[in-house]
Amino acid sequence: MALPDLDKAVGCSFGLEIDGVQIKQISEVSGLKMEQDVIELKQNTVDGKYVIKKLPGRPKAGEVTLTRGLTEDSSFEKWVKDAHFGKMGSARKGGAIIVYDYEGAPIKRYKLTNAWPKSLEIGALKAGDTSVLTEKLVVTYEQMEVE
């Protein structure tokens, strides 16, 4: 769904799609970025002036943190288990982080290449607390593209 020129997107919900499996209950996504090295080229010009030029270098790998409420869904745990036992052939996956609008229609996709789970953290467990238990999955990836 295309937005009019002056309207901005509001991410009402987020999802993770890994090898065709969709997890739509993501409540927070942080650290999603594309970055590359900067190469400094120092040289003298023909008339003897010293200049520094900045050139694009290699793309950098990244990490993204996904937070969701704790549910019976064990897809995060299964994926983490493969990485922890060194089964990197099955742990490295292609996928995407999807931003949905208020109607549930996808408005943006961030495609991740060779993504695998670095860590899984369960929120603080406190007796008598009424807040939602969360799990945070840190995913590292080799490349990101915006679709």
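Computed from a predicted model, the values in this text were never measured in an experiment.

The rules we used
Residues numbered from 1 in each chain as written. Predicted model: local features only at pLDDT ≥ 70, side-chain atom pairs only at ≥ 80, totals over all residues. Heavy atoms only, no water. Core = buried A, V, L, I, M, F, W, Y, C linked by side-chain atoms within 4.5 Å. Buried < 20%, exposed > 50% of the residue type's maximum accessible area, 1.4 Å probe, protein only. Helix = DSSP H or I, 4+ residues; strand = E, 2+ residues; numbered from the N terminus. Patch = residues over 30% accessible without salt bridge, like charges linked within 9 Å, V, L, I, M, F, W, Y side chains within 5 Å. Areas by Shrake-Rupley, 256 points an atom, 1.4 Å probe, with all protein chains shown as cover. Salt bridge = Lys/Arg side-chain N within 4 Å of Asp/Glu carboxyl O. Contact = heavy atoms within 4.5 Å.

Caption draft 1: Representation of the nonpolar core within the structure. With 18 residues, the main nonpolar core has Leu16 and Leu66 as its most contacted residues. Only β1 (13-18), β2 (21-30), β5 (62-69), α1 (75-84), β6 (93-100), β7 (106-122) and β8 (134-141) provide two or more residues apiece to this core.

Caption draft 2: Up close: a nonpolar patch on the surface. On the surface, Leu70, Ile122, Leu125 and Leu133 cluster together to form a nonpolar patch covering roughly 350 Å² of accessible area. Residue position: Leu70 is located in the loop between β5 and α1. The exposure class of Leu70 is partly exposed, given its relative accessible area of 38%.

Caption draft 3: Representation of the environment of Val64 in the model. Position of Val64 relative to the elements: it lies in strand β5. Owing to a relative accessible area of 1%, Val64 belongs among the buried residues under this scheme. In this view, Val64 contacts Val29, Ser30, Gly31, Leu32, Ile97, Leu112, Leu137, Val138, Val139 and Tyr141; residues no more than four positions away in its chain are not counted.

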